[in-house]
Amino acid sequence: MSQPTFSTTSQTTITPHNQQPLVTRDYPTEAELDATIAGGFEAQKAWAKVPLEERIRIGWKFIDEFKSLAQSTEPDLALELTLQMGRPISQIKAELDGFLDRAAYMLSIAHEALADVPLTDTDKPGFRRFIKRIPLGVVLVIAPWNYPYLTSINSVLPALISGNAVLLKPSPQTPLTAERFASALVSAGVPPNVVQVVHLSPELTRYAVENKNVRFVSFTGSVGGGKKVEEAAVGAEGFKGVALELGGKDPAYVRADADLEYTVNELVDGAMYNSGQSCCAVERIYVHESIYDPFVEKYANRVKKYTLSDPTLPETDLGPVVSLASAERIRKQVEDAVKAGAKKLIPEELFPEAKIGTTYVAPQVLVNVDHSMEVMTEETFGPVVGIQKVSSDSEAIRLMNDSVYGLTASVWTSGSSEEAFLGIADMVETGTVYLNRCDYLDPALAWTGVKDSGRGVSLSRFGYDQLTRAKSVHMKIKTG
């Protein structure tokens, strides 16, 4: 059984670790979807007239509502999310906390980000000019399953605060997350038709993208999915914006002066957290030859300590991957690398749960790898990392940039080498570059990618720019 399962009229979420059906949602007809979108289109007109200060107040009330929801036991949001997508229950709180942190930051900057921009300093006598930020209308947010709360908050809340209406289409793997999110928003005072959850088949998703009343689409997912969304948007009536947060093959470079203990622990977590199912997970590591051997030894020893087991158990720190198909693909990528000369450092017998025909995949560290292998060039989205030796900064930069992706990259070096880091940062082709950390989104920074990692911006003040348009007001003042 794959997950989720589909019919022409419904979808069923399959729990990854036990392959049991969890929840089923029916699809609307095209006519029902048209009515939903039309309802959002009309409701947005009134919502845009609500003063910004009031929309922000509702946003803060939403945070209170969601906190109460997260602290309740019915529903149990942590267990609910673990059952939907398989992450260990011990790690769910971090997503819920991050969701609230991002919401709070985006609310804290909303007034400044959306305020009129006066040009009084350069106005000529008798003239007044300023620039307004205007909502786009109906925004379709297509969210993924791997971090459904963290990714959807990036667009949903700023879109609403900006005066847009939102259609939130969750992954069929995590349908309940969107419903909980929207419920808290409505409880806080967002009108029901201003935020609506839609469960859609791929065909209905394309139909929604093409709808003339949908003015902007924010998509997070695979490169292939992003291409389909863009094709549908381009083929639609009129012109609409599209933001695409897609895949990654994120590199790390460990310089000769890096703190080994700290760097190993951080990069193991960056590669293995959520079973590597993150667009910004560390999937390839380049280590300076002078510290390569001790780094690899420490790294492998740390990975061997993971507990791969039932994700509902509190002691589990590595859960299943999302589906049987994903597990098969990850295993094949590893075996293809081994056939091409790579060496596995993690004995699979340490992880007896990782059997063929299950969603449990043993964590793996590969050495003797190079860029002829898919494991170093194509997204794995699993608990696997390749480690390659390099002799210089220039070689590391060349290999980091030898990728069709460009979401994040990290450099690991001593605190006294900030100048060296900044020189490397300028040359790495990526949306975000880190010093001595990885796999983290700071909501004050623009979240963006280059190359096949997508385009557009979420979070930071630029996230509001993406969800609004500029409207210039030019006044000639008559006197007398």
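The structure we're discussing is the one just above.
Cut-off values and rules
- Residues numbered from 1 in each chain as written.
- Predicted model: local features only at pLDDT ≥ 70, side-chain atom pairs only at ≥ 80, totals over all residues.
- Heavy atoms only, no water.
- Pairing = 2+ DSSP bridges.
- Helix = DSSP H or I, 4+ residues; strand = E, 2+ residues; numbered from the N terminus.
- 1 Å grid on protein atoms, 1.4 Å probe; cavity = no way out; pocket = protein on both sides within 12 Å on 5 of 7 lines; lining within 4 Å.
- Points joined across faces, edges and corners; volume = space filled by probe spheres on them.
- Nonpolar A, V, L, I, M, F, W, Y, C, P; charged D, E, K, R; others polar.
- Expected span 1.5 Å × (residues − 1).
- Buried < 20%, exposed > 50% of the residue type's maximum accessible area, 1.4 Å probe, protein only.
- Arc of directions from axis to C-beta.
- Contact = heavy atoms within 4.5 Å.
- Phe/Tyr/Trp six-rings, centres within 6.5 Å; stacked < 30°, edge-to-face > 60°.
- Lys NZ or Arg CZ within 6 Å of the ring centre and 35° of its normal.
- Axes fitted to C-alpha atoms, helices over the stretch in contact; angles between N-to-C directions.
- Parallel < 35°, antiparallel > 145°, perpendicular 65-115°, else oblique.
- Left-handed = near helix turned anticlockwise from the far one by under 90°.

(A) Seen up close, the sheet that holds strand 12 (residues 282-288). One open sheet accounts for 7 strands, arranged 13-14-15-12-11-17-18; its pairing is mixed. Whereas interior strands pair on both sides, the edge strands pair on one side only; in this sheet they are strand 13 (343-344) and strand 18 (432-435). Alignment of strand 12 against strand 15 (residues 384-390), held across 5 bridges, turns out to be parallel. Counterpart to Ile285 in the pairing with strand 15 is Ile387.

(B) Inspection of the layout of surface pockets at higher detail. Of the voids in this model, the largest pocket is the one considered here, and its volume is about 1,200 Å³. Along the wall of the largest pocket there are 43 residues; nearest its centre are Trp145, Phe219, Gly221, Ser222 and Gly225. Of all the secondary structure elements, the ones that give two or more residues to the lining of the largest pocket are helix 8 (202-210), strand 9 (214-220), helix 9 (223-235) and helix 12 (324-339). Looking at the lining of the largest pocket, its residues break down into 20 nonpolar, 15 polar and 8 charged. What the second largest pocket holds in volume is close to 540 Å³. If you trace the second largest pocket, you find 27 residues lining it, with Arg102, Leu150, Asp439, Tyr440 and Leu441 closest to the centre.

(C) Fine view of helix 11 (residues 292-303). Between the first and last C-alpha of helix 11 there are 16 Å, a value that for 12 residues agrees with the 16 Å anticipated at 1.5 Å per step. Within helix 11, burial applies to Tyr292, Phe295, Val296, Tyr299, Ala300 and Val303. Axial view of helix 11: buried residues confined to an arc of 120°, hence all on one face. Facing away from the buried surface of helix 11 by more than 90 degrees, the exposed residues are Asp293 and Glu297. Where helix 11 is buried, its residues touch strand 11 (250-254), helix 10 (260-272), strand 12, strand 14 (364-367) and strand 15.

(D) Local environment of the pairing of strand 3 (residues 21-26). Summarising the sheet, strand 2 (residues 10-14) and strand 3 pair through 5 bridges and their orientation is antiparallel. Looking across to strand 3, one finds that Gln11 is bridged to Arg25. Joining the antiparallel neighbours strand 2 and strand 3 is a turn of 6 residues, in which Gln19 adopts a positive phi near 60°.

(E) Region of the structure containing unusual backbone geometry. In this chain, Glu74 is followed by Pro75 through a cis amide linkage whose omega measures 5°. With a phi angle near 55°, Phe381 is a residue other than glycine that sits in the positive phi range. When its relative accessible area of 16% is taken as the criterion, Phe381 is described as buried. Not every positive phi belongs to a glycine, and Leu459 is a case in point at roughly 60°.

(F) Representation of the packing of aromatic side chains. This model, assessed by the stated rule, comprises 10 aromatic pairs. For the ring pair Phe99 and Tyr149, a centre distance of 5.5 Å and an interplane angle of 75° mean the geometry is edge-to-face. Of this pair, Phe99 sits in helix 4 (residues 92-108) while Tyr149 sits in helix 6 (residues 148-161), placing them 50 residues apart in sequence. Residue class for Tyr149 comes out buried when judged on its relative accessible area of 1%. Pairwise contacts between aromatic rings join Phe62, Phe66, Phe99, Tyr149 and Phe181 into one cluster. When the ring centre of Tyr306 is taken as origin, the NZ or CZ atom of Arg302, which lies over that ring, is 4.9 Å away.

(G) A look at empty space enclosed by the protein. For the structure on display, the rule yields 4 cavities of 30 Å³ or more. Lining the largest cavity are 24 residues; nearest its centre among them are Ser218, Phe219, Thr220, Glu245 and Ser458. Counting residues per element, the ones that place at least two in the lining of the largest cavity are strand 6 (138-142), helix 6, strand 9 and strand 10 (241-245). By residue class, the composition of the lining of the largest cavity is 10 nonpolar, 12 polar and 2 charged. Counted as a void, the second largest cavity has a volume near 50 Å³. The wall of the second largest cavity is formed by 13 residues, among which Pro251, Arg284, Tyr405, Gly406 and Thr408 lie closest to the centre.

(H) The arrangement of helix 14 (residues 418-427) in detail. Among all positions of helix 14, only Phe421, Ile424 and Ala425 are buried. Take helix 14 and look down its axis: the buried residues cluster within an arc of 105°, on one side only. Residues Glu419 and Asp426 are exposed on helix 14 and point more than 90 degrees away from its buried face. In this fold, the buried residues of helix 14 make contact with strand 11, helix 13 (393-401), strand 17 (408-412) and strand 18.

(I) Broad picture of the packing of helix 8 against helix 9. In the contact formed by helix 8 and helix 9, the axes pass within 8 Å of each other and the chain directions differ by 40°. Judged by the inter-axis angle, helix 8 sits oblique to helix 9. Helix-helix and strand crossings are classified by hand; for helix 8 and helix 9 the assignment is right-handed. Residues Arg206, Val209 and Glu210 of helix 8 touch helix 9, and the partners they reach there are Lys228, Val229, Glu231, Ala232 and Ala233. Tallied by class, the residues present in the contact of helix 8 with helix 9 amount to 4 nonpolar, no polar and 4 charged.

(J) A look at the environment of Leu467. Relative to the elements of secondary structure, Leu467 occurs in the loop between helix 15 (460-466) and strand 21 (468-476). Residues Leu467 and Lys67, spaced 400 residues apart in sequence, show a C-alpha to C-alpha distance of 26 Å. Sequence-distant contacts of Leu467, defined by excluding residues within four places in its chain, comprise Pro135, Leu136, Val139, Ser155, Pro158, Ala159, Ser162, Asn164 and Phe216.

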